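# What the coordinates show
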Amino acid sequence: MPDAVVLMAYGSPERIADVPAYYADIRGGRPVSPEHLADLVERYRRLGIEESSPLNAITEATRAALERELGIPVFTGMKHWTPHIADAAGSALDAGASRIVGLVLAPHYSALSIKGYRDQLEPAVDGAELRFVESWHLEPGFVELLASRIRGSDAHVVFTAHSLPARILNAGDPYKDQLLETSQAVAGAAGAGDWSFSFQSESPTGEPWLGPDILDHLEELRARGVEDVLVCPVGFVSDHLEIRWDIDVEAQEKARGLGMRLERVEMPNDDPAFIRTLAEIVKRNL
Ligand code: FEC
């Protein structure tokens, strides 16, 4: 049976001029405040996207490596940028695929994240069989890859993930539980006794988001006497704005101000061990 993979990622603007349209897509028709837009443009400028967009380049490298590993076509679909998820599904169908695995480059399920990818993909795979991967947060290769990056460290490990509006908890969303399961599994595999979890990257949408936020959490840790912190962002797999700005700039500055040392693990990106893990997930779903 002709198979293909639609590999989905959040997407990122290619250049500064793209940021307003990108932000409008994220907001999904809800108003964009000029101050928040200006702030976002500035963050992307300082990230250096005029030179290249880290997330889009990493996603393409991941796609190409996964295609080589699997020997079947892999198409990239972006949630908030081009090529859109529906275009990737169209390319898979044009290539003759009758069975498509939909895999998101985000390990944890939430109705406010993974479901959005599914909602874009499902109507676009018309006629083909869709095998959509809902979550892969305890995938052994993923857990081991992260564990290998914290093993042997004496620092207090802080696992992080993107925050979401707190209302998801009322709806029984598994997001937070899955994040804690990954953190527990990674800490266990690495033999890390001293660890905690916090959220990051909260958006100014005017409603309560899940906490604690990493910036507040660093203060709590400092008050407990912690001086060395190793951040392991379990909710993400690539170097992008939420890593290179929210952790490498904001959290780093906060830690410095508190007299703490903060380091971050390398992200999986297109590490061969990570590509093999993604390939395992795909193969199991075919
Ligand atoms: O490097 C890049 O250019 C893109 C980085 C990026 C990733 C990412 C991942 C997640 N988000 C999630 C949820 C939300 C919710 C809102 C929201 C808003 C933004 C904004 C930017 C942005 N997100 Fe994002 N997210 C990335 C970038 N995200 C930029 C808008 C400005 C800002 O708030 O900073 C709020 C939407 C609204 O306004 O209503 C909710 C989740 C993930 C992790 C899962 C995934 O990757 O899909 C969850 C990467």
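This write-up is about the structure you can find in this document. The model shown is predicted, which means the values in this text are computed figures rather than measured ones.

Turning our eyes to something else, we now look at the overall build of the chain. Check the secondary structure of the chain and you find 11 helices and 8 strands. Taking 19 Å as the expected radius of gyration for a compact globule of 286 residues, we find that the chain reaches 19 Å, a close match to that expectation. By principal-axis analysis of the C-alpha atoms, the chain measures approximately 60 × 45 × 40 Å. Residue burial in the chain is summarised as follows: out of 286 residues, 52% are buried. Restricting to contacts in the chain with at least 6 residues of sequence separation, those with at least 24 account for 79%. With an accessible surface of roughly 12,400 Å², the chain has 48% of that area assigned to carbon and sulfur atoms.

A separate point is the site of the ligand. Close to the ligand lie 26 residues, the nearest being Tyr-10, Arg-27, Tyr-44, Tyr-117 and Ser-203. Within the side chain of Arg-30, a nitrogen or oxygen atom sits 2.8 Å from an oxygen atom of the ligand. Where the shell around the ligand is concerned, the elements lending two or more residues are α1 (19-27), α2 (34-47) and α9 (241-244). Counting residues per element, the shell around the ligand draws most heavily on α1, at 4 residues.

This paragraph deals with the coordination of the iron atom of the ligand. Coordination of the iron atom of the ligand by the protein involves just one donor, Tyr-10 (OH), at a distance of 2.4 Å. Structurally, the position occupied by Tyr-10 is in the loop between β1 (3-9) and α1.

Pairing between side chains of opposite charge can happen when their charged atoms approach one another. Summed over all chains, the structure comprises 20 salt bridges. Across the pair Lys-115 and Asp-119 runs a salt bridge whose closest N-O atoms are separated by 2.8 Å. Taken as a pair, Lys-115 and Asp-119 lie in helix α5 (residues 114-121) at a separation of 4 residues, close to a single helical turn. Looking at Asp-119, the relative accessible area reads 40%, which means it is partly exposed. Between Lys-254 and Glu-219 there is a salt bridge whose closest N-O contact spans 2.5 Å. One end of the pair, Lys-254, is in helix α10 (residues 246-257); the other, Glu-219, is in helix α8 (residues 214-223), and 35 residues separate them in sequence. Given the relative accessible area of 25%, Lys-254 is considered partly exposed. By relative accessible area, which is 40% here, Glu-219 ends up partly exposed. Put simply, Glu-60, Arg-63 and Glu-67 are held in one network by salt bridges that share partners.

The subject of this paragraph is the packing of aromatic side chains. For the structure shown, the criterion picks out 6 aromatic pairs. For the pair Phe-159 and Trp-195, a centre-to-centre distance of 5.5 Å together with 75° between the ring planes defines the contact as edge-to-face. You can see Phe-159 sitting in strand β5 (residues 156-162) and its partner Trp-195 sitting in strand β6 (residues 195-200), a full 36 residues away along the chain.

On to the sheet that holds strand β7 (residues 228-232). Read across the sheet, 4 strands follow the order β6-β5-β7-β8 without closing on themselves; strand pairing throughout is parallel. Edge positions in the sheet fall to β6 and β8 (261-264), since each of these pairs with one other strand and no more. Going from strand to strand, the sheet's axes swing by 30° on average, the running direction of each strand aside. Summarising the sheet, β7 and β8 pair through 4 bridges and their orientation is parallel. Of the residues in β8, the one forming a bridge with Leu-230 is Glu-263. Contacts from α8 reach β5, β6, β7 and β8, with the element oriented near 150° to β6. The strands that α10 touches are β5, β6, β7 and β8; relative to β8, the one it contacts most, it runs at about 165°.

How each quantity is defined
- Residues numbered from 1 in each chain as written.
- Predicted model: local features only at pLDDT ≥ 70, side-chain atom pairs only at ≥ 80, totals over all residues.
- Heavy atoms only, no water.
- Helix = DSSP H or I, 4+ residues; strand = E, 2+ residues; numbered from the N terminus.
- Rg over C-alpha atoms; globule rule 2.2 N^0.38 Å.
- Buried < 20%, exposed > 50% of the residue type's maximum accessible area, 1.4 Å probe, protein only.
- Contact = heavy atoms within 4.5 Å.
- Areas by Shrake-Rupley, 256 points an atom, 1.4 Å probe, with all protein chains shown as cover.
- Near = heavy atom within 4 Å.
- Polar contact = N/O pair within 3.5 Å; in protein donor to acceptor, adjacent residues only side chain to side chain.
- Donors = N, O, S within 2.8 Å, 3.2 Å for Na, K, Ca; no water.
- Salt bridge = Lys/Arg side-chain N within 4 Å of Asp/Glu carboxyl O.
- Phe/Tyr/Trp six-rings, centres within 6.5 Å; stacked < 30°, edge-to-face > 60°.
- Pairing = 2+ DSSP bridges.
- Axes fitted to C-alpha atoms, helices over the stretch in contact; angles between N-to-C directions.

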